[in-house]
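# Architecture and fold: a report
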Amino acid sequence: TLLQPSDEIISLFDKILVLSSDGQPAYFGPVDRVQLRSIFIGDTENSEFLDSGSIADLVMNQPMSAKSVANPNSKEDQAVTRFRQSNLNKKLIHELGMIHASAPSIRDREAALHEFMSN
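A brief look at the structure comes next.

## Some remarks on the pairing of strand β1 (residues 15-19)
- Side chains Ile16 and Val18 of β1 all project onto a buried face; the interleaved residues Lys15, Leu17 and Leu19 project onto a face where none is buried.
- Between β1 and strand β2 (residues 25-30), which pair antiparallel in sequence order, lie five residues; one of them, Gly23, sits at a positive phi of approximately 90°.

Structure below.
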């Protein structure tokens, strides 16, 4: 059984992570219906019409159907591709790069851990 949280519950989160059926990130970012719609439905004239349910419905029903998973050019693959090409993903990759660049080396971390454990 799958529990679909209400929009009220989802809005309590700062960010959400949606994975495709093969574990690829299809979305990671703020709970923003416009951004979610652009990733999961695309920027089409009728995208607002296709987005008629809850946020959970928008995320789960568009790309994750059994038919789309079996199709090599599925809605699921399209959602993953749109996310990878989005400014949101580019910003995330940049932020992760900045964190990685400012992190101490593994040797420094091991030395600090050894010093901490020795005291």
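## A look at the pattern of salt bridges
- Scanning all chains against the criterion turns up one salt bridge.
- Two residues, Arg33 and Asp7, come together in a salt bridge whose shortest N-O distance is 3.6 Å. With Arg33 in helix α2 (residues 33-40) and Asp7 in helix α1 (residues 7-10), the pair connects residues that are 26 residues apart, well separated along the chain.
- Of the residues examined, Asp7 reaches a relative accessible area of 26% and is grouped as partly exposed.

## Quick notes on the packing of aromatic side chains
- Counting across every chain of the model gives two aromatic pairs.
- Plain terms: the ring middles of Tyr27 and Phe40 are 6.5 Å apart, the flat faces sit at 50° to each other, and that makes the pair tilted. Of the two residues, Tyr27 is situated in strand β2 and Phe40 in helix α2; the sequence distance between them amounts to 13 residues. Phe40 matches Tyr27 in its accessibility class, with the two residues each being buried.
- Plain terms: the ring middles of Tyr27 and Phe83 are 6.0 Å apart, the flat faces sit at 55° to each other, and that makes the pair tilted. In this pair, Tyr27 sits in strand β2 while Phe83 sits in helix α6 (residues 75-85), placing the two residues 56 residues apart along the sequence.

## Some thoughts on α2
- Taken residue by residue, α2 has Leu36, Arg37, Ile39 and Phe40 as its buried positions. End-on, the buried residues of α2 take up no more than an arc of 165°, which puts them together on one face.
- N-capping of α2 is provided by Asp32, with a side-chain oxygen placed 2.9 Å from the backbone N of Val34.
- Once α2 ends, the next one or two residues include Gly42, with phi positive near 95°.

## A few points about the packing of α6 against helix α7 (residues 87-102)
- One can describe the packing of α6 onto α7 by two numbers: an axis separation of 4 Å at closest approach and a directional angle of 55°. Relative to α7, the element α6 is oriented oblique. Packed against α6, whose contacting residues are Phe83, Arg84 and Gln85, the element α7 presents Asn87, Leu88, Asn89 and Lys90 at the interface.
- Looking at the contact of α6 with α7 residue by residue, the class counts come to two nonpolar, three polar and two charged.

## Focus: α6
- Within α6, burial applies to Glu76, Ala79, Val80 and Phe83. All buried residues of α6 lie within an arc of 95° about the axis, which places them on one face of the element.

## What to know about the nonpolar core
- Judged by nonpolar contacts, the single largest core of 16 residues is most densely connected at Val18, Tyr27, Leu36, Ile39, Phe40 and Val59.
- For this core, the secondary-structure elements that each account for two or more residues are β1, β2, α2, α4 (55-61) and α6.
- Broken down by element, the residue count for this core peaks at four residues, all from α4.

About the criteria used
Residues numbered from 1 in each chain as written. Predicted model: local features only at pLDDT ≥ 70, side-chain atom pairs only at ≥ 80, totals over all residues. Heavy atoms only, no water. Buried < 20%, exposed > 50% of the residue type's maximum accessible area, 1.4 Å probe, protein only. Helix = DSSP H or I, 4+ residues; strand = E, 2+ residues; numbered from the N terminus. Pairing = 2+ DSSP bridges. Salt bridge = Lys/Arg side-chain N within 4 Å of Asp/Glu carboxyl O. Phe/Tyr/Trp six-rings, centres within 6.5 Å; stacked < 30°, edge-to-face > 60°. Arc of directions from axis to C-beta. Polar contact = N/O pair within 3.5 Å; in protein donor to acceptor, adjacent residues only side chain to side chain. Axes fitted to C-alpha atoms, helices over the stretch in contact; angles between N-to-C directions. Parallel < 35°, antiparallel > 145°, perpendicular 65-115°, else oblique. Contact = heavy atoms within 4.5 Å. Nonpolar A, V, L, I, M, F, W, Y, C, P; charged D, E, K, R; others polar. Core = buried A, V, L, I, M, F, W, Y, C linked by side-chain atoms within 4.5 Å.

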